[in-house]
Amino acid sequence: MTAPIKIYGPSFSTFVRSVMMACEFKGLAYEVTTEVNGEEVGFHTAGHKAIHPYTKFPVLLTEQGPIAETVAILHYLENAYGGTPLYPTDAFAQAQVEQWSGISGIYVDFYIVRKVLVEFIFPKGENGSVRMDKVEAALPKVESALAIVAEQLAEQPYLCGDDLTAADLILIPIIDYIEKADVGKPRVAEHANLLAYINRIRKEAFAKDILS
Ligand SMILES: N[C@@H](CCC(=O)N[C@@H](CS)C(=O)NCC(=O)O)C(=O)O
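These numbers come from a predicted model, not from an experiment.

**Brief notes about the sheet that holds strand β5 (residues 59-62)**
Okay, so step 1: Read across the sheet, four strands follow the order β2-β1-β5-β6 without closing on themselves; strand pairing throughout is mixed. For this open sheet the edge positions go to β2 (30-33) and β6 (65-68), each flanked by a neighbour on one side alone. Shown here is a sheet whose adjacent strand axes are inclined to one another by a mean of 30 degrees, direction ignored.
Okay, so step 2: Of the strand pairs in this sheet, strand β1 (residues 5-8) and β2 are connected by four bridges, and their pairing is parallel. Counted as the bridge partner of Tyr8 is Thr33 from β2.
Okay, so step 3: In this fold helix α1 (residues 14-26) packs onto β1, β2 and β5, with an angle of close to 165 degrees to the strand it touches most, β1.

**Some remarks on the environment of Ile148**
Okay, so step 1: Looking at the element boundaries, Ile148 is found in helix α5 (residues 132-152).
Okay, so step 2: The spatial distance from the C-alpha of Ile148 to the C-alpha of Val108 is 9.0 Å, given a sequence separation of 40 residues.

**Some words on the side chain of His52**
Okay, so step 1: With respect to the helices and strands, His52 occurs in the loop between α2 (46-51) and β5.
Okay, so step 2: With relative accessibility at 3%, the residue His52 sits in the buried group.
Okay, so step 3: Among the polar contacts listed, one links the side chain of His52 to the side chain of Glu69, at a separation of 3.0 Å.

**Quick notes on the packing of aromatic side chains**
Okay, so step 1: Scanning the entire structure with this criterion turns up five aromatic pairs.
Okay, so step 2: With a centroid separation of 4.7 Å and an interplanar angle of 50 degrees, the aromatic rings of Phe43 and Phe57 are classed as tilted. Of the two residues, Phe43 is situated in the loop between β4 (39-40) and α2 and Phe57 in the loop between α2 and β5; the sequence distance between them amounts to 14 residues.
Okay, so step 3: Looking at Phe43, the relative accessible area reads 32%, which means it is partly exposed.
Okay, so step 4: Residue Phe57 is classed as partly exposed on the basis of its relative accessible area of 21%.
Okay, so step 5: Relative to Tyr81, the ring of Tyr76 has its centre 6.2 Å away and its plane inclined at 85 degrees; by these criteria the two rings are edge-to-face.
Okay, so step 6: Its relative accessible area of 41% is what places Tyr81 among the partly exposed residues.
Okay, so step 7: Taken together, the ring pairs in this structure connect Tyr8, Phe43 and Phe57 into an aromatic cluster.

**A closer look at the domain arrangement of the chain**
Okay, so step 1: You can read the domains of the chain as domain 1 (5-81) and domain 2 (91-211).
Okay, so step 2: Taking only C-alpha atoms into account, the centre of domain 1 sits 21 Å from that of domain 2.
Okay, so step 3: Contact residues are listed per partner, giving 15 residues for domain 1 and 19 residues for domain 2.
Okay, so step 4: Where domain 1 abuts domain 2, roughly 1500 Å² becomes buried across the two surfaces, and 74% of that area is made up of carbon and sulfur atoms.
Okay, so step 5: It is Thr14, Arg17 and Met21 in domain 1 that bury the most area against domain 2; as a group they hold 40% of the surface buried on that side.
Okay, so step 6: Between the two partners, domain 1 and domain 2, sit zero salt bridges.
Okay, so step 7: At the level of elements, α1 and α3 (70-81) are the ones that each hand at least two residues to the side of domain 1 that touches domain 2.
Okay, so step 8: Broken down by element, the residue count for the side of domain 1 that touches domain 2 peaks at nine residues, all from α1.
Okay, so step 9: Partitioned by chemical class, the residues of the side of domain 1 that touches domain 2 number nine nonpolar, four polar and two charged.

Cut-offs used in this document
- Residues numbered from 1 in each chain as written.
- Predicted model: local features only at pLDDT ≥ 70, side-chain atom pairs only at ≥ 80, totals over all residues.
- Heavy atoms only, no water.
- Pairing = 2+ DSSP bridges.
- Helix = DSSP H or I, 4+ residues; strand = E, 2+ residues; numbered from the N terminus.
- Axes fitted to C-alpha atoms, helices over the stretch in contact; angles between N-to-C directions.
- Contact = heavy atoms within 4.5 Å.
- Buried < 20%, exposed > 50% of the residue type's maximum accessible area, 1.4 Å probe, protein only.
- Polar contact = N/O pair within 3.5 Å; in protein donor to acceptor, adjacent residues only side chain to side chain.
- Phe/Tyr/Trp six-rings, centres within 6.5 Å; stacked < 30°, edge-to-face > 60°.
- Domains from an automatic or database assignment.
- Buried area = accessible area lost by both parts, 1.4 Å probe.
- Salt bridge = Lys/Arg side-chain N within 4 Å of Asp/Glu carboxyl O.
- Nonpolar A, V, L, I, M, F, W, Y, C, P; charged D, E, K, R; others polar.

Shown next, in the form of structure tokens:
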């Protein structure tokens, strides 16, 4: 039996969830761990820096060494293990997947997760309060991020067409969290197709346990 794929990081992380869903989608056994080479490695420690220079997660721990960055990990899983594809073979179509992976993982993540959700999860205000001024200042960008992905999904079931790709796996955990969070307006529900997208995916076998 081949050893399960090891994903370093916490399972609540959006990007860790993207990699978990990729494994589920491809039918690959995996585990989420905080150990590296059998030793516990705390987040943001020297051991973590040794596998990711910016101490981020996820990091995939392979027999050849660590792989940092979600996009690199998703490509590696595709190339090393095959299974149900997460990338099309056509060059233009593949570039579209890269494009929407970047838009989702850089900008949508930045405005929704870093600027708003992280403010609620790790409040940095006085006496541990949420800095509502920061949240309110960020909400217009959340609104435009939701509108951008909703528009991309207006005429197709997935970000890049009729099939789920790596780009969806990066977007899904972000939309799942912001839809569940009570940050006031804007709401995912204002975009019926985006709400339908996330609700549909929440029932899929590759996602249902991870997003629950
Ligand atoms: N560009 C990175 C971003 C990874 C990232 O920001 N991960 C978050 C968790 S979702 C993280 O490591 N947060 C902890 C920190 O910033 O210290 C990727 O795609 O993997």
